[in-house]
Amino acid sequence: MQTNTSYVAYDPDLHAALLADYCLSAAPGERLLVAGGQAATPLIRAVTRALLTRGARPVVRVDYPGQQEDFAELASDAVLDAIHPADLSDVEALDGSLRVLTPAPAHPVDAARRARLLAANAPVASARARRKWSLTLYPTAHAAAQASMSEAQFGEFVMRAMFLDRPDPVAAWAEVRLMQARLIERLTRADVVRIEAPGTDLTLRVGGRTWANSDGRRNMPSGEVFTGPHEDSAEGIVTFTVPAEYQGQMVRGARLEFRAGQVVTASADEGESALHAALNTDPGARRLGELGIGTNTGIQVPTGNILFDEKIGGTVHLAIGKSYPETGGVNASAVHWDLITDLRQGGRLSLDGEVVQEDGVFLI
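Each value, and the rule that gives it
Residues numbered from 1 in each chain as written. Predicted model: local features only at pLDDT ≥ 70, side-chain atom pairs only at ≥ 80, totals over all residues. Heavy atoms only, no water. Helix = DSSP H or I, 4+ residues; strand = E, 2+ residues; numbered from the N terminus. Buried < 20%, exposed > 50% of the residue type's maximum accessible area, 1.4 Å probe, protein only. Contact = heavy atoms within 4.5 Å. Pairing = 2+ DSSP bridges. Axes fitted to C-alpha atoms, helices over the stretch in contact; angles between N-to-C directions. Phe/Tyr/Trp six-rings, centres within 6.5 Å; stacked < 30°, edge-to-face > 60°. Salt bridge = Lys/Arg side-chain N within 4 Å of Asp/Glu carboxyl O.

To continue, consider the environment of G294. Looking at the element boundaries, G294 is found in strand β15 (residues 288–294). Since its relative accessible area comes to 0%, G294 is described here as buried. Residues G294 and V335, spaced 41 residues apart in sequence, show a C-alpha to C-alpha distance of 21 Å. Leave out the neighbours within four places in its chain, and G294 touches G223, E224, E310, K311, I312, G313, G314 and T315.

Printed below as a string of structure tokens:
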């Protein structure tokens, strides 16, 4: 695919049009939630306007900075541990939803209380997942700083990652879909997957499971294929070399040891308390719900945001917790947290003993 090498500034109207038409496929009369933080108001307004001109009925929810942290920190036990019936019925009355990630500084909140809030909201999350949904990111100043870029540089990075620098972004995503379909043809024939890298030697079974082709409709940007490994199959050790945020806390150097599919030991160089809080959320949080393979070679450096980082070409990610039902996975949990390991320097991915990727480069 040809890339425009000239500078391209972030444009919320172009972003909104791609979300409304390609990601949400907005239709007249549909009640569609648009949710995000205050800093994302330019994109939220652009999406709302786009939905209205397509005959949809947008429902807009804007959070103030720190709203989720306030809820987790200050809610009584009764409020923290149970949802109100109206929260569930409101989601059930939607036709779809868009969540705009709006990275901002977070003040520390007890990780265990965050985990309780997440567990209580699991029915709402499940109801939302049964409808069409999409997730994207607004390029905030905080996100740019996390990525060690200026705001202008990060805005351009976001545009290019979404192919919004191309004359026809939808056609570019169609090319990604075709490339990933060819990869899935080989993956579907495999049973045992082995992941090897410094500090990592892990095997999983995926035979009979379905591989999903993530082509930007649900995650914008995207560029990955993923499945739900057999819940009792994970054996070995994995070290996650790309930092990952969990509930506002950055976790670096996480290491998990699996036996019969379950995490038996866990440690981290930084953020270990958040790692253990996630694992202790519920029994399903100690098993894997997803194995993903990043394919987007246009995203080369970690940004501190999972929406981009899990798509980096030459990486794999494993999610502890909830499976996506469309993959055939059956693991149930309030948690779904993606953790990434980079295979581009000394890593290998094997299918039934055949090396199919080495140093991040596919051999098939």
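Looking now at the sheet that holds strand β18 (residues 348–351). On the basis of which strands lie adjacent, the open sheet formed by 8 strands has the order β14-β13-β10-β6-β5-β18-β19-β20 and antiparallel pairing. Of all strands in the sheet, those with a lone pairing partner are β14 (262–267) and β20 (361–362), marking the two edges. Relative to strand β6 (residues 200–205), strand β5 (residues 192–197) runs antiparallel, the two being bridged by 6 bridges. Its bridge partner lying in β6, V193 is registered against L204. The strands touched by helix α11 (residues 272–279) are β13 (254–259) and β14; relative to β14, the strand with the most contacts, the crossing angle is about 165 degrees.

Time to look at the packing of aromatic side chains. All told, the structure shown has 7 aromatic pairs when counted by the stated rule. Measuring from ring centre to ring centre gives 5.6 Å for Y10 and Y138, while their planes differ by 85 degrees; the resulting arrangement is edge-to-face. With Y10 in the segment before α1 (12–23) and Y138 in the loop between β4 (132–137) and α8 (141–146), the pair connects residues that are 128 residues apart, well separated along the chain. Pairing F154 with F157 gives two aromatic rings, centres 5.7 Å apart and planes at 25 degrees, and the pair type is stacked. Of this pair, F154 and F157 both sit in helix α9 (residues 151–161), separated by 3 residues, roughly a single helical turn. Classification of F154 by relative accessible area gives buried; the value is 1%.

Moving on, we come to the pairing of β14. Summarising the sheet, β13 and β14 pair through 5 bridges and their orientation is antiparallel. Each bridged residue has a counterpart across the sheet, and for R255 the counterpart in β14 is S267. Between β13 and β14, which follow one another and run antiparallel, lie 2 residues, and A260 among them has a positive phi close to 50 degrees.

Moving on, we get to the pattern of salt bridges. All told, the structure shown has 24 salt bridges when counted by the stated rule. A salt bridge links D201 to R194; the nearest nitrogen and oxygen atoms lie 2.8 Å apart. When its relative accessible area of 33% is taken as the criterion, R194 is described as partly exposed. Overlapping salt bridges bring together E156, R160, D165 and R166 as one network.

Bringing α9 into the picture now. Among the residues of α9, F154, G155, E156, F157, V158, M159 and A161 are the ones counted as buried. Against α1, β4, α8, α10 (169–187) and α12 (306–309) lie the buried residues of α9. Where α9 terminates, the next one or two residues include F163, which has phi positive at roughly 65 degrees.

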